[in-house]
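Overview (structure and organization)
Take a look at the letters that make up each chain.
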Amino acid sequence: MSTTNLFSNCTNHYPIEQYFLNCTNTSRPCELIHDFAVVAELLTILDFYISCILFTIAGILNVYFMTIVLPLYLKMSHSTQKRYVFVVSRCVSSISAALTLLILRCILYVYFPPGSTKSNYFLYAVVVIVNDISFYSLQGSYIGMAVLLYIGVIHPVYFSTHLRLRKIYIFAILNWILAVVVSVPTGLFQTAGYVPGPIKCDSQVCSPIVGLINFIIVSFAFLITIIILSFVFICLSFHIRKAKKLGSYTSSQTLHHARGRLGWTLTAIIVISLAEGIPESLLIGLKADNALNTCNNFYQADRLVDATIFTSMNSIVWALVLILDPLASTLFDEKVLSETKKQLKMCKKYYAKVLETLWTHSHGNRKTSKEMSRNSFSTSDNPY
């Protein structure tokens, strides 16, 4: 078979055929080129356009949430600040995650694509490592929020008298340090899997091993997070029932809001773990090259379709969670919700005043122009 006629018998033709004319070691080139075209289209629509839009929205919402929470946090007493340390930490992690994922898709993948001469290993490594740090610190913040909630409900005396704010700061810093320790080595090897650099990680041996190790670490992190959040959720449910039996309406309502926030977090973590675990399991053993347009990737295009779908959906799920998380945090937190309503009222008053000014100015100009026309008419008709 001539290399130039590899796709000549295919019903459908695609512009990307030019990259695979020498990939003759297959008996089904038409099926593979169709699958590869699907992969390219999925990456463009799902993993680029939709993901970029969603991560932009997520970043804006989390920045806005931070502008509400941080001033409130600085005005709180030390006893109240203890409940919000990991809320601030979670917000920082969310902003960092949205920003790094947006940079990967909008800048690096477009202007410095993996495998090209323009790709820079260290640039990719920094973004990937920061994104991994955001991911692990976000999970650690969820755990910290749940543990503090558990201590505050089950052991209120210890929470108010023995658990100092300084200790919580230490735990929050340790959470970030642990995230850095885990993320740096894994991020360096992850980057080496698809961008050439000082660390050599070939697609045939090293990359599958790195993928397996990363899958184990991520699965363990999700498992620990889900177990702790589930335990605290069950304990809160028992205390809500107990408060209702004792007739403590205020206590049960407060616990109900806390359980709602925790329930949302638990649901989000479970959904993310599934969205993260399924594509990671599909990528295990997949010996794909860092550059997309290679014969090795062409020969396994059918497997790449499934991996691309689930990987893109993972990005979309992450973006949706980062969007919904600040909204849920606002809904289930009375202080934040009250401040948000206050800001919305101020915005409504401001824009109403602007519209009123524009309306007055517009009608005033119209009235003035009518008066000028009348005066001009009367003057021209007046012989004196």
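Source: prediction; values computed, not measured.

1. Things to note about the pattern of salt bridges
All chains considered together, the criterion is met by six salt bridges. A salt bridge links aspartate 302 to arginine 28; its shortest N-O distance comes to 3.3 Å. Here aspartate 302 is found in helix H10 (residues 301-331), whereas its partner arginine 28 is found in the segment before helix H1 (29-75), with 274 residues between them in sequence. On the basis of relative accessibility, which here comes to 30%, the residue arginine 28 falls in the partly exposed class. Among the charged side chains, a salt-bridge network with shared partners connects Arg28, Glu31 and Asp302.

2. As for the packing of helix H4 (residues 121-154) against helix H7 (residues 206-245)
Look at H4 against H7: their axes get within 10 Å of each other, and the N-to-C directions meet at 20 degrees. In terms of orientation, H4 and H7 fall into the roughly parallel class. Relative to H7, H4 is oriented so that their crossing is left-handed. Among the residues making up the contact of H4 with H7, the classes are represented as 21 nonpolar, four polar and no charged.

3. Points about the packing of aromatic side chains
This model, assessed by the stated rule, comprises eleven aromatic pairs. Look at phenylalanine 7 and phenylalanine 298: their rings are 6.0 Å apart centre to centre, the planes differ by 90 degrees, and that puts the pair in the edge-to-face class. Here phenylalanine 298 lies in helix H9 (residues 295-299) and phenylalanine 7 lies in the segment before H1, a separation of 291 residues in the sequence. Through successive ring pairs, a cluster of aromatic residues spans Phe7, Tyr19, Phe20, Phe36, Phe298 and Tyr299. In this structure, lysine 82 is placed above the aromatic ring of phenylalanine 159, and the distance from its NZ or CZ to the ring centre is 4.8 Å.

4. Description of the confidence of the model for the protein chain
Taken as a whole, the protein chain shows an average pLDDT of 81; of its residues, 85% reach a score of 70 or greater. Across residues 376-384 the pLDDT falls below 50, and counting only partners more than four positions away or on other chains, this stretch makes zero contacts in the model.

5. Focus on the UniProt feature "transmembrane region" (unreviewed entry) in the protein chain
According to UniProt, the "transmembrane region" (unreviewed entry) feature falls on residues 48-73, 85-112, 142-161, 168-189 and 209-240. What you have in residues 48-73 is 100% helix and 0% strand, and the ends, taken at the C-alpha atoms, are 36 Å apart. A helix fraction of 96% and a strand fraction of 0% characterise residues 85-112, whose end C-alpha atoms lie 37 Å from each other.

6. Regarding a positive patch on the surface
Taken together, the side chains of Lys341, Lys345, Lys348 and Lys349 define a basic patch exposed on the protein surface. Its place among the elements puts lysine 345 in helix H11 (residues 334-381).

7. Description of the state of the cysteines
If you walk through the whole model with that rule in mind, you get two disulfides. Shown here is the disulfide that connects cysteine 10 with cysteine 30, its sulfur atoms set 2.0 Å apart. Judged by the torsion about the S-S bond (-90 degrees), the cysteine 10/cysteine 30 disulfide is left-handed. Residue cysteine 10 is located in the segment before H1, and its partner cysteine 30 is located in helix H1; the two are separated by 20 residues in the primary sequence.

8. Topic: the nonpolar core
One broad rule of soluble globular proteins: the nonpolar side chains tend to lie buried together. Core analysis: the largest hydrophobic core is formed by 54 residues, its most contacted members being Phe55, Leu236, Trp318 and Leu322. If you list the elements that add at least two residues to this core, you get H1, helix H3 (85-111), H4, helix H6 (165-192), H7, helix H8 (249-283) and H10. No other element matches H4, which puts twelve residues into this core. Leucine 236 has contacts with Leu149, Val153, Leu255, Ala258, Arg259 and Leu262, leaving out every residue within four places of it along the chain. Residues Phe65, Met76, Val85 and Ile151 belong to the second largest nonpolar core, which totals 22 residues.

9. Structural notes on the layout of surface pockets
Size it by volume and the second largest pocket reaches roughly 850 Å³. Where the lining of the second largest pocket is concerned, the elements lending two or more residues are H3, H4, helix H5 (156-161), H8 and H11. Element by element, the count of residues in the lining of the second largest pocket is highest for H8, at eight residues. Along the lines of polarity and charge, the residues of the lining of the second largest pocket split into 15 nonpolar, six polar and six charged.

10. Here we look at H1
For H1, built from 47 residues, the straight-helix expectation of 69 Å at 1.5 Å per residue is met to within 8% by its first-to-last C-alpha distance of 66 Å. By the largest-angle criterion, serine 51 marks the main kink of H1, which is about 40 degrees.

11. Thoughts on the environment of isoleucine 143
With respect to the helices and strands, the residue isoleucine 143 is situated in helix H4. Distance in space between the C-alpha atoms of isoleucine 143 and threonine 265 is 9.9 Å, their sequence separation being 122 residues. With sequence-adjacent residues up to four places away left out, isoleucine 143 is seen in contact with Ile224, Thr225 and Ile228.

Rules used in this analysis
Residues numbered from 1 in each chain as written. Predicted model: local features only at pLDDT ≥ 70, side-chain atom pairs only at ≥ 80, totals over all residues. Heavy atoms only, no water. Salt bridge = Lys/Arg side-chain N within 4 Å of Asp/Glu carboxyl O. Helix = DSSP H or I, 4+ residues; strand = E, 2+ residues; numbered from the N terminus. Buried < 20%, exposed > 50% of the residue type's maximum accessible area, 1.4 Å probe, protein only. Axes fitted to C-alpha atoms, helices over the stretch in contact; angles between N-to-C directions. Parallel < 35°, antiparallel > 145°, perpendicular 65-115°, else oblique. Left-handed = near helix turned anticlockwise from the far one by under 90°. Nonpolar A, V, L, I, M, F, W, Y, C, P; charged D, E, K, R; others polar. Phe/Tyr/Trp six-rings, centres within 6.5 Å; stacked < 30°, edge-to-face > 60°. Lys NZ or Arg CZ within 6 Å of the ring centre and 35° of its normal. pLDDT = per-residue confidence, 0-100. Contact = heavy atoms within 4.5 Å. UniProt positions renumbered as here; feature names shortened; annotations may be inferred. Patch = residues over 30% accessible without salt bridge, like charges linked within 9 Å, V, L, I, M, F, W, Y side chains within 5 Å. Areas by Shrake-Rupley, 256 points an atom, 1.4 Å probe, with all protein chains shown as cover. Lys, Arg positive; Asp, Glu negative; His and termini not counted. Charge placed at Lys NZ, Arg CZ, Asp CG, Glu CD. Disulfide = S-S within 2.5 Å. Core = buried A, V, L, I, M, F, W, Y, C linked by side-chain atoms within 4.5 Å. 1 Å grid on protein atoms, 1.4 Å probe; cavity = no way out; pocket = protein on both sides within 12 Å on 5 of 7 lines; lining within 4 Å. Points joined across faces, edges and corners; volume = space filled by probe spheres on them. Expected span 1.5 Å × (residues − 1). Bend = angle between axes of the 7 residues up to and from the residue.

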